[in-house]
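Listed below are the residues making up each chain.
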Amino acid sequence: MTQDRQATYAALDAWIDAHFNEQVQFLQALVQVPTDTPPGNNAPHAERTADLIQAFGFEAEKHVVPAQAVKDYGMESITNLIVRRPYGAGGKTIALNAHGDVVPPGEGWTKDPYGAQIEDGKMYGRATAVSKSDFSTFTFAVRALEAVAKPARGAVELHFTYDEEFGGLLGPGWLLEQGLTRPDLMVAAGFSYEVVTAHNGCLQMEVTVHGKMAHAAVPHTGVDALQGAVAIMNALYAENTRYQQVTSQVPGIKHPYLNIGRIEGGTNTNVIPGKVVLKLDRRMIPEEHPAEVEASIRAVIARATADFNTQRGYTGEDAVRADIKRLLLANAMTPLAGNQPLVEAIQTHGEAVFGTKPPAVGTPLYTDVRLYVERGIPGVIYGAGPRSVLESHAKRADERLELEDLRRATKVVARSLADLLA
């Protein structure tokens, strides 16, 4: 490595250190605008982000997803942002994508979920770790790149999108489908020290179990949809146990699993439930075929329903019925050969900055990266986060980010961009 390159890396690091307080304040401002999804009214956050980065000389293109499409999707508003930073002819266009939508805070917080409070070197709040942190990481890495390395070719694009929690189809998926962007390489928001090159797929389904409502004083006049739902849930959880014997060959990914995350039903305590709705999440390892997985789940539900009806002697109009609707099908991310320059750059600078070479692994999560990879755009996941997702409390109470991890990840991204655009 030449002395000139080393001097560039040192200058990038110094610029980030000198502007780090500003970077932290930028992240606080982003965290303080709620983006709970559902309900998914996320356009106000996009407007706030565009205003904030305008002060850095970054003009954000605002791409408003049509209202009816958003409503049909189950959300309220989506404005995706693209910030284009062209440097000259030749070279690669590298996209940096982070999502601003978040799951609702839920219960158990000891800090204000949208307070962005700093305590003992950590910032607390929903999306401090996943993934408003990387709005900050990517923005300040690009600012450092332009101030210090001054690339003369290629381009960087910031993609700030707002429906990852619903699957990304109206975020990166919509931008790509509309032909609004076509980068050569991409890096998506991270959540640990690792360079993630593969991830699970996800199938989400809604199962509506129909029975016949009746007064609890005369239960024999009704058909209990909740008991039918329990039979279905037991069958699904039995499948989940079986999945532990199905192993993936991708480091970092173990086996498939299934979760029933939401149950709704009944009208009152003194009424036999006539309808119960289950929402389930089935994570698929990269080796699985999504169509086969969905067919298998549907078959399990059909068998459990039929067995329940047989055991209870329910026939005809008295039989419990299960209607199944697919909510989301997110394919697994598998590595593309062209991602090697990204992996090598991040590993090289991750080792230099953190003192340990970050491994290239898979993750059991699913992300928007698959939408780029499915279109032949090599990508990896890397950004600010702790050593493991668990440490960040992502999607749990008291989500937090070590500010030193934010600083160091920003340096790694800035150095990597300098290499890739050199």
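Our subject is the structure that appears above.
Residues numbered from 1 in each chain as written. Predicted model: local features only at pLDDT ≥ 70, side-chain atom pairs only at ≥ 80, totals over all residues. Heavy atoms only, no water.

Participant: So what's going on with the sheet that holds strand β5 (residues 122–124)? Residues and values would help.
Facilitator: In spatial order, the strands read β4-β5-β17; together these three strands make up an open sheet with antiparallel pairing. This sheet does not close on itself; its edge strands, each paired only once, are β4 (117–119) and β17 (400–402). Across the sheet, the mean angle separating the axes of adjacent strands is 25° when strand polarity is ignored. By the bridge criterion, three bridges tie β5 to β17 in an arrangement that is antiparallel. Across the sheet, the residue bridging to Lys122 is Glu402, located in β17. (Pairing = 2+ DSSP bridges. Helix = DSSP H or I, 4+ residues; strand = E, 2+ residues; numbered from the N terminus. Axes fitted to C-alpha atoms, helices over the stretch in contact; angles between N-to-C directions.)

Participant: Which residues make up the pairing of strand β3 (residues 93–99), and what values do they have?
Facilitator: With seven of seven residues buried, β3 is to be regarded as a mostly interior element. Bridge count for β3 against strand β6 (residues 154–161) is seven bridges, and the pairing is parallel. What sits directly across from Ile94, in β6, is Val156. Where β3 meets strand β7 (residues 185–188), four bridges bridge the pair, whose relative direction is parallel. Note that in β7 the partner of Leu96 across the bridge is Val187. (Buried < 20%, exposed > 50% of the residue type's maximum accessible area, 1.4 Å probe, protein only.)

Participant: Residues and numbers for the sheet that holds strand β11 (residues 257–265), please.
Facilitator: The four strands lie next to each other as β11-β13-β9-β14, forming an open sheet whose pairing is antiparallel. At either end of the open sheet lies a strand with only one pairing partner, and these are β11 and β14 (321–330). Strand after strand, the sheet turns through a mean of 20° between neighbouring axes, direction not considered. Where strand β9 (residues 201–210) and β14 come together, nine bridges link them in antiparallel fashion. For Val209, the partnering residue across the bridge sits in β14 and is Ala322. In this fold helix α8 (residues 290–312) packs onto β9, β11, β13 (275–284) and β14, with an angle of close to 160° to the strand it touches most, β14. (Contact = heavy atoms within 4.5 Å.)

Participant: Explain unusual backbone geometry to me, using residue names and the numbers behind them.
Facilitator: Backbone phi values are negative for most residues with the exception of glycine, while trans is the configuration of most peptide bonds. Geometrically, the link from Thr37 to Pro38 is a cis peptide bond, its omega value of 5° lying close to zero. The topology assignment puts Pro38 in the loop between α2 (20–31) and α3 (43–54). For the peptide bond that leads from Pro38 to Pro39, omega is 5°, which places it in the cis range. Assignment of secondary structure puts Pro39 in the loop between α2 and α3. At Ala116, a residue that is not glycine, the phi angle is positive and equals roughly 55°.

Participant: Tell me about empty space enclosed by the protein, and please be specific about residues and values.
Facilitator: Evaluated as defined, the whole model comprises two cavities of 30 Å³ or more. One number sums up the size of the largest cavity: a volume of about 60 Å³. Around the largest cavity, the lining residues are Ile94, Leu96, Val187, Leu342, Ile346, Val413, Ser416, Leu417 and Leu420. Sorting the residues of the lining of the largest cavity by element identifies β3, α9 (340–354) and α12 (403–420) as the ones contributing at least two each. Per-element tally for the lining of the largest cavity: the top contributor is α12, with four residues. (1 Å grid on protein atoms, 1.4 Å probe; cavity = no way out; pocket = protein on both sides within 12 Å on 5 of 7 lines; lining within 4 Å. Points joined across faces, edges and corners; volume = space filled by probe spheres on them.)

Participant: Can you explain the packing of aromatic side chains? Please cite residues and give values.
Facilitator: Within the structure shown, the criterion is met by nine aromatic pairs. The interplanar angle of 50° and the centroid separation of 5.8 Å between the aromatic rings of Phe26 and Phe140 together place this pair among those described as tilted. With Phe26 in helix α2 and Phe140 in helix α5 (residues 132–149), the pair connects residues that are 114 residues apart, well separated along the chain. The residues Phe26 and Phe140 share a single accessibility class, namely buried. A network of ring pairs unites the aromatic residues Trp15, Phe26, Phe56 and Phe140 as a single cluster. (Phe/Tyr/Trp six-rings, centres within 6.5 Å; stacked < 30°, edge-to-face > 60°.)

Participant: Give a description of the pairing of β13 that names residues and reports values.
Facilitator: For a regular strand, side chains alternate in direction, first toward one face of the sheet and then toward the other. Within β13, eight of the ten residues are buried, leaving the element largely enclosed by the surrounding structure. Here β9 pairs with β13 via ten bridges, running antiparallel. Following the sheet pairing, Gly201 is matched in β13 by Met284. Direction of pairing for β11 relative to β13: antiparallel, over a ladder of eight bridges.

Participant: Break down α12 for me, citing the residues and quoting the values.
Facilitator: Given 3.6 residues per turn, any residue in an α-helix points the same way as the ones three and four places further on. Along its 18 residues, α12 runs 26 Å from first to last C-alpha, staying within 8% of the 26 Å computed at 1.5 Å per residue. The element α12 is extensively covered by neighbouring structure, given that 15 of its 18 residues are classed as buried. (Expected span 1.5 Å × (residues − 1).)

Participant: So what's going on with the nonpolar core? Residues and values would help.
Facilitator: Counting residues in hydrophobic clusters, the biggest one holds 69 residues, and the most contacted among them are Leu96, Val142, Val156, Leu158, Tyr382 and Leu417. Here this core takes nine residues from α12, the largest share from any one element. If sequence neighbours within four positions are ignored, Leu96 has contacts with Phe138, Val142, Val156, Glu157, Leu158, His159, Val187 and Leu417. Counting residues in hydrophobic clusters, the runner-up holds 24 residues, among them Met233, Leu258, Leu278 and Phe308. (Core = buried A, V, L, I, M, F, W, Y, C linked by side-chain atoms within 4.5 Å.)

Participant: Account for helix α7 (residues 225–243), with residues named and values stated.
Facilitator: Here α7 is 19 residues long and its end C-alpha atoms lie 27 Å apart, about the 27 Å a rise of 1.5 Å per residue gives. Where α7 is concerned, the buried positions are Ala225, Gly228, Ala229, Ile232, Met233, Leu236, Glu239, Asn240 and Tyr243. The buried residues of α7 occupy one face: seen down the axis, they fall within an arc of 135°. Buried residues belonging to α7 abut β9, β11, β13, α8 and β14. For α7, the N-terminal cap is Asp224; the gap from its side-chain oxygen to the backbone nitrogen of Leu226 is 2.8 Å. (Arc of directions from axis to C-beta. Polar contact = N/O pair within 3.5 Å; in protein donor to acceptor, adjacent residues only side chain to side chain.)

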